[in-house]
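Fold and contact review
One letter stands for each residue in the lines below.
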Amino acid sequence: MSVLITNIGELMTQDAEATVLRDAALVLEGERVSWMGPAARSPAADEAYDAGGRAGLPGWVDSHTHLVFAGDRTAEFEARMAGESYAAGGIAVTVDATRAAGDYDLTRLLLARVAEAAAGGTTYLETKTGYGLDVAQEARSARIAAGVVDEVTFLGAHLVPAGRDADEYTALVCGPMLDAVLPYVRWADVFCEEGAFTAEQSRRVLAACGAAGLGLRVHGNQLGPGAGVALAVEFGAASVDHVNHLSDDDVDALAGTWSADGATPGTVATCLPACDLSTRQPFPPARLLLDEGVQLALASNCNPGTSYTTSMGFCVATAVLQMGLTIHEAVRAATYGGAVALRRHTGDDVEGRRAVGSLAVGHRADLQLLNAPSATHLAYRPGMPLVHAVWKAGNRVR
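Residues numbered from 1 in each chain as written. Predicted model: local features only at pLDDT ≥ 70, side-chain atom pairs only at ≥ 80, totals over all residues. Heavy atoms only, no water.

This paragraph deals with unusual backbone geometry. Its identity is not glycine, yet Leu133 carries a phi of approximately 60 degrees, on the positive side. For Leu133, a relative accessible area of 2% corresponds to the buried category. (Buried < 20%, exposed > 50% of the residue type's maximum accessible area, 1.4 Å probe, protein only.)

Strand order in the open sheet formed by eight strands is E6-E7-E8-E9-E10-E11-E12-E13, and the pairing between neighbours is parallel. Where the open sheet ends on each side, the last strands, each with one partner, are strand E6 (60-62) and strand E13 (296-298). Pairwise comparison of adjacent strand axes, ignoring direction, gives a mean angle of 25 degrees for this sheet. Across the sheet, helix H4 (residues 135-146) is in contact with strand E7 (122-128) and strand E8 (151-157); its angle to E8 comes to roughly 165 degrees. (Pairing = 2+ DSSP bridges. Helix = DSSP H or I, 4+ residues; strand = E, 2+ residues; numbered from the N terminus. Axes fitted to C-alpha atoms, helices over the stretch in contact; angles between N-to-C directions. Contact = heavy atoms within 4.5 Å.)

The next subject is the nonpolar core. Core analysis: the biggest nonpolar cluster contains 88 residues, and Phe154, Val316, Val331 and Leu378 have the highest contact counts within it. Setting aside anything within four residues of it in sequence, one finds Val316 in contact with Trp60, Leu298, Ile327, Ala330, Val331, Ala334 and Leu378. Ranked by size, the runner-up nonpolar core spans 16 residues in total, among them Ala24, Leu28, Tyr49 and Ala51. (Core = buried A, V, L, I, M, F, W, Y, C linked by side-chain atoms within 4.5 Å.)

Looking now at helix H5 (residues 166-181). Of all the bends in H5, the largest measures some 40 degrees and sits at Val173, one to four residues before the proline Pro176. For H5, every residue scored as buried is listed here: Tyr169, Thr170, Leu172, Val173, Gly175, Met177, Leu178 and Val181. A distance of 3.1 Å separates the backbone nitrogen of Asp167 from a side-chain oxygen at the start of H5, and that oxygen is part of Asp165. (Bend = angle between axes of the 7 residues up to and from the residue. Polar contact = N/O pair within 3.5 Å; in protein donor to acceptor, adjacent residues only side chain to side chain.)

Relative to the assigned elements, Leu369 resides in strand E14 (residues 367-370). Once you skip the residues sitting within four places of it in the chain, Leu369 turns out to touch Ile5, Tyr49, Ala51, Ala55, Gly56, Leu386, Val387, His388, Ala389 and Trp391.

As a further point, take the environment of Val185. Mapped onto the fold, Val185 is located in the loop between H5 and strand E9 (187-192). In this view, Val185 contacts Ala142, Val152, Thr153, Phe154 and Leu214; residues no more than four positions away in its chain are not counted.

Packing of H5 against helix H6 (residues 199-211) brings their axes to within 10 Å, and their N-to-C directions diverge by 10 degrees. One element, H5, and the other, H6, form an angle in the roughly parallel class. Counted together, Ala166, Asp167, Thr170, Ala171, Val173, Cys174 and Leu178 of H5 and Gln201, Arg204, Val205, Ala208 and Cys209 of H6 form the full contact between these two elements. Class assignment of the residues belonging to the contact of H5 with H6 gives a composition of eight nonpolar, two polar and two charged. (Parallel < 35°, antiparallel > 145°, perpendicular 65-115°, else oblique. Nonpolar A, V, L, I, M, F, W, Y, C, P; charged D, E, K, R; others polar.)

Below, the structure written as structure tokens:
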């Protein structure tokens, strides 16, 4: 069945040229976009939907979340807001609660968070393991996630459990734990940070997961200068996430992964502004990274300790108001940039590999309409519930 969505006041396509169409329309046929152009020249379709002059843009691509968890860390948040500094060790609280929850409860909680994200315009979603931290629990988290979200990342190297030797635990991550999660995951990640995993331990994790055929990501340079960016570049990681504390060498290294013509994607710098507000970290140098030719992504980092939100619209508003991005740059980072970070920005085959994060003929039909005449209202009216309608793979989900 085909659906014509017409009378779109502003259509921000985020295609290769970042085209913005006025008085536009597009046709969704099955899971794909089959036509796009001026509303006055739109073809017939089985059904029609009048956008009423509203703004349209691709669904958000949230490329960094931690959604498989149970429990609550409100007390930690209150303490941090009262002046205590953030440290990686708080993850252990969530690990205990997640291990204690049954499969039904974990699945129910995950489904609720995914539905919340979809209502806010998110149509493609990554999530990580990392709150199990033993072989059975990490495999369970990966299995549950694989049945719900679009992309699953193995993050056994999230924190060394209390009482465990760090090198012995790293060996477990690189061996039995990796083997147990392989059927369910496409990516692997490591928290390369003081209080989590050292540069050498992180290198072992990345080497083992890369050898197993997984794409690589890195949590890096969040709490201070560190080896995260250098390791991400060394291993050809698809993204390095957080990037709050970058040296000139780090910026140069990231820029060096991007070819002048952009034909081969380099390492995306994923910024997590909601997390930075919660942890009171300095924002990443997003303006500098963009000016140096580095592709940015914006993601929610939804997790119970430092960024308990699925609102990509909030992240876009924060990037504009606090990080020096234009609305077009922020929306591109939250759509196309996230797709590049997940290597889902190209493709039109039938195995779930249609391009996401942009609107063009043959791409997946992921679209959101705003109760506003332009996407600028996302930052102009921050915090307002502006999402009017959402289509994911051609199906209306809001």
